[in-house]
Amino acid sequence: VLDTKKTDGVYIHLCRMESGVLNKGETVHAAIDVARRDAIKRNHSTAHLLQAALREVLGSHVEQAGSYVDEHRCRFDFTHFSALTKDELAKVEALVNAHILAGVPVVTTVTDPESAKKAGAMALFGEKYGDKVRMVKMGDFSTELCGGTHCDRTGRIGLFRIVSENSVASGVRRIEAVTGTGVLRLLDAAQLEMQQAAHALKLGNVSELAERCTSVMAELKEKDRALESLNQKISDAQIEAAFNNV
């Protein structure tokens, strides 16, 4: 299956035949890649928690300006007037993780737009909604209109980690993040980098890395000062020799 589209209430699967022939009236068995779908669920549910956390930390002016989720990452664009500080990013990350670890149920309800609005559901600006909408609620923290796939409890997300935050347009910021096994891969990569750095500095333990880096930087500064002093002496000697030979 390459893609799925909805046309006049009918879900159409766009597929490629790998082998054989498909005839009208035949029965087919549809199955999904469960591990991949679960990873997508984790990242999608996190996008909802992330929006709620951003609004709580930065203010109610924050609105979704776009998003993309797959099995690898959660990308969320939002309206905001400046780059987030380290403290703000830390608060957002901690808030999302707190609601993940709370393990609250993710409840989906099909209702009418007016009832969803009264329930406080967030909707995408400019999006057209029909007579029936799907409302996704995560405890008292997040309520949004959404037709996508989600975890049944926030606890299934595992953990959440912000990878980057930057500008994509005037007044629009972007956060990229990982969840679940994506966090584990991120930690593994960071651990490997530290081990490689420790090996390059001939250290037996990664815990000595910060102290050794500080020591190396101090040594380099001292050598820079000595080199600068030596260059000055050479320059003075050259000038003196030039005057002596006039």
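Quick notes on the rules
Residues numbered from 1 in each chain as written. Predicted model: local features only at pLDDT ≥ 70, side-chain atom pairs only at ≥ 80, totals over all residues. Heavy atoms only, no water. Pairing = 2+ DSSP bridges. Helix = DSSP H or I, 4+ residues; strand = E, 2+ residues; numbered from the N terminus. Axes fitted to C-alpha atoms, helices over the stretch in contact; angles between N-to-C directions. Parallel < 35°, antiparallel > 145°, perpendicular 65-115°, else oblique. Left-handed = near helix turned anticlockwise from the far one by under 90°. Contact = heavy atoms within 4.5 Å. Nonpolar A, V, L, I, M, F, W, Y, C, P; charged D, E, K, R; others polar. Buried < 20%, exposed > 50% of the residue type's maximum accessible area, 1.4 Å probe, protein only. Core = buried A, V, L, I, M, F, W, Y, C linked by side-chain atoms within 4.5 Å. Salt bridge = Lys/Arg side-chain N within 4 Å of Asp/Glu carboxyl O. Polar contact = N/O pair within 3.5 Å; in protein donor to acceptor, adjacent residues only side chain to side chain.

Enquirer: Is there a simple way to think about the pairing of strand 3 (residues 64-69) in this case?
Expert: Successive residues of a regular strand alternate their side chains across the two faces of the sheet. In this structure, strand 3 lies alongside strand 4 (residues 74-79), joined through five bridges in antiparallel fashion. Bridging across to strand 4, V69 finds its partner in C74. Linking strand 3 to strand 4, which pair antiparallel, is a turn of four residues.

Enquirer: Looking at this model, I keep getting lost on the packing of helix 1 (residues 34-58) against helix 2 (residues 86-101). Mind explaining?
Expert: Angle between the axes and distance between the axes are the two parameters that describe a pair of packed helices. Between helix 1 and helix 2, the shortest axis-to-axis distance is 9 Å and the interhelical angle comes to 130°. In terms of orientation, helix 1 lies oblique with respect to helix 2. Classified by chirality, the crossing of helix 2 by helix 1 is right-handed. Only E88, K91, V92, L95, V96, H99 and I100 of helix 2 make contact with helix 1, whose side of the interface consists of T46, L49, L50, A53, L54, E56, V57 and L58. Looking at the contact of helix 1 with helix 2, its residues break down into ten nonpolar, two polar and three charged.

Enquirer: What am I meant to see in the environment of V183 here?
Expert: Positionally, V183 belongs in helix 4 (residues 181-200). Given a relative accessible area of 6%, V183 falls into the buried group. Taking the C-alpha atoms as reference, V183 lies 6.8 Å from F160; in sequence the two are 23 residues apart. Sequence-distant contacts of V183, defined by excluding residues within four places in its chain, comprise L159, F160, R161 and V178.

Enquirer: So what exactly am I meant to see when it comes to the side chain of H44 here?
Expert: Looking at where H44 falls in the secondary structure, it is placed in helix 1. The class for H44 is buried, based on a relative accessible area of 14%.

Enquirer: Explain the nonpolar core to me, please; I cannot follow it from the model alone.
Expert: What tends to happen in soluble globular proteins is that the nonpolar side chains get buried as a cluster. Judged by nonpolar contacts, the single largest core of 27 residues is most densely connected at L49, L50, L54, F78, F160 and I175. For this core, the secondary structure elements donating two or more residues are helix 1, strand 4, helix 2, strand 6 (133-138), strand 8 (160-169) and strand 9 (172-179). Looking at this core element by element, the count peaks at seven residues for helix 1. Beyond its immediate stretch of four places on either side in the chain, L50 contacts F76, V92, V96, F160 and I175.

Enquirer: Sorry, what's going on with the pattern of salt bridges here?
Expert: Side chains that differ in sign of charge can pair as their charged atoms come close. Scanning the entire structure with this criterion turns up twelve salt bridges. For E18, the salt bridge is made with R16, and the minimal N-O distance between the two is 3.3 Å. If you follow the salt bridges from partner to partner, you end up with D70, R73 and E176 in one network.

Enquirer: Explain the side chain of N97 to me, please; I cannot follow it from the model alone.
Expert: With respect to the secondary-structure elements, N97 resides in helix 2. N97 gets classed as buried once you look at its relative accessible area, which sits at 14%. Separated by 2.9 Å, the side chain of N97 and the backbone nitrogen of F160 make a polar contact. Excluding anything up to four places from it in sequence, N97 contacts L159 and F160.

Enquirer: Looking at this structure, how should I read the sheet that holds strand 7 (residues 142-145)?
Expert: Hydrogen bonds between backbone groups are what pair the strands of a sheet, and the pairing can be parallel or antiparallel. An order of 5-6-7 is seen for the three strands of this open sheet, with the pairing classed as antiparallel. A single partner strand is all that each edge strand has here, and the edge strands are strand 5 (106-111) and strand 7. With strand direction ignored, the average angle separating the axes of adjacent strands in the sheet is 20°. Where strand 6 meets strand 7, four bridges bridge the pair, whose relative direction is antiparallel. Note that in strand 7 the partner of K137 across the bridge is T143.

Enquirer: Which parts of the structure should I look at to understand the sheet that holds strand 3?
Expert: Read from one edge of the open sheet, four strands run 3-4-9-8, paired in antiparallel fashion. One side of each edge strand has no neighbouring strand; the edge strands of this open sheet are strand 3 and strand 8. In this sheet, adjacent strand axes meet at a mean angle of 15° when their direction is disregarded. Along the sheet face, helix 1 touches strand 3, strand 4, strand 8 and strand 9 and points at about 30° away from the line of strand 4.

What is shown is where atoms sit, not what they do.
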